[in-house]
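Read off the chains here:
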Amino acid sequence: MSEVKLTAETRTEFGKGAARRIRRDNKVPGVLYGHGSDPLHLTLPGHELLLALRTPNVLISLDIDGKTNELAIPKSVARDPLKGFLEHVDLQLVKRGEKVTVEIPVHTEGELAPGGNLLEHVLNALPVEAEATHIPEAVTVSVEGLAAGASILAKDISLPSGVKLTVEDDAVVLQVLAAQAEETEGEASEGEGEEAAEA
């Protein structure tokens, strides 16, 4: 698991105006919370944070005001719905060796059995508990040769050592759906109502 170092500054200005000013400087407002401590309001470097967040559950080493170093993982990220830039980020404080509950993306490989079947991701991400500094970036599941009606349960997915499921073993993660036959639209409804209008 990758660890990314970011320099952060504490911020004392709040509200939409302050947030806009921060974003104009290519920075992102954020909050660091956890371990029963008061939330710490931060300003983070926009471009570096954007690159870091490309890795799911990235471990971020924060140098705060050049005085303290903290480890954190992203918990929620707000983006502008149209332009996609970062508006705000919530970070959860973690310690080395601490177990955290996160969701890891589920990737698939292989081809389904022939017949135009569809693969449905019932869970796009798998809830797991892992050590904060050893969170897997993703799990990859083979769907090679699966036919309609087949499903993959949470317990069927092999996880790295030290990673535990936090969802029921029999929770469906992926299932294969039969291809739908295309319906032909009936044209019998045309002309109805014209006779009633003449009466």
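Scroll up to find the structure.
Predicted model, so just to flag it, every value in this text is computed and none were measured.

Colleague: Residues and numbers for the overall build of the protein, please.
Modeller: On a plain count of helices and strands, the protein comes out with three helices and 13 strands. Counting the 199 residues in the protein, one finds 34% classified as buried. Of the contacts formed within the protein by residues at least 6 apart in sequence, a portion of 63% connects residues at least 24 apart.

Colleague: Summarise the environment of Asn 69; cite the residues concerned and give the values.
Modeller: Secondary-structure assignment places Asn 69 in strand E5 (residues 68-79). Placed 63 residues apart in sequence, Asn 69 and Leu 6 show a C-alpha to C-alpha distance of 9.8 Å. Setting aside anything within four residues of it in sequence, one finds Asn 69 in contact with Leu 62 and Asp 63.

Colleague: So what about the sheet that holds strand E8 (residues 118-121)? Which residues, and what values?
Modeller: One key point about sheets: their strands pair by backbone hydrogen bonds, in either a parallel or an antiparallel sense. Taken in spatial order, the three strands of this open sheet run E8-E13-E11, and their pairing is antiparallel. Edge positions in the sheet fall to E8 and strand E11 (151-153), since each of these pairs with one other strand and no more. Pairwise comparison of adjacent strand axes, ignoring direction, gives a mean angle of 10° for this sheet. In the sheet, E11 pairs with strand E13 (residues 172-177) via three bridges, with the strands oriented antiparallel. Pairing of Leu 153 across the sheet is with Val 172, part of E13.

Colleague: So what's going on with the sheet that holds strand E7 (residues 99-109)? Residues and values would help.
Modeller: Reading across from one edge, E10-E7-E9-E12 is the order of the four strands in this open sheet, with mixed pairing throughout. At either end of the open sheet lies a strand with only one pairing partner, and these are strand E10 (139-142) and strand E12 (164-165). For E7 and E10, the ladder comprises four bridges, and the chain directions are parallel. Following the sheet pairing, His 107 is matched in E10 by Thr 140.

Conventions used here
- In every chain, residue numbers begin from 1 and rise along the written sequence.
- Reporting in this predicted model follows two pLDDT cut-offs: at least 70 for local features of residues, and 80 or more for side-chain atom pairs to be given and counted; totals over whole chains, interfaces and linings ignore these cut-offs and use all residues.
- Neither water nor hydrogens contribute to the side-chain values; these are computed over all heavy atoms in the structure.
- Each helix corresponds to a stretch of at least 4 residues labelled H or I by DSSP, and each strand to a stretch of at least 2 residues labelled E; elements are numbered beginning at the N terminus.
- Burial classification: accessible surface area is computed with a 1.4 Å probe over protein chains only, and a residue below 20% of its type maximum counts as buried, one above 50% as exposed, and the rest as partly exposed.
- Contacts were defined at the residue level, with two residues in contact if any of their heavy atoms lie within 4.5 Å.
- Pairing between strands is defined by DSSP: at least two bridges between them are needed.
- To obtain an axis, a line is fitted to C-alpha atoms, over the contacting stretch when the element is a helix, and the angle between two such axes runs from 0 to 180 degrees between their N-to-C directions.

The values reported here are purely geometric and, on their own, carry no functional implication.
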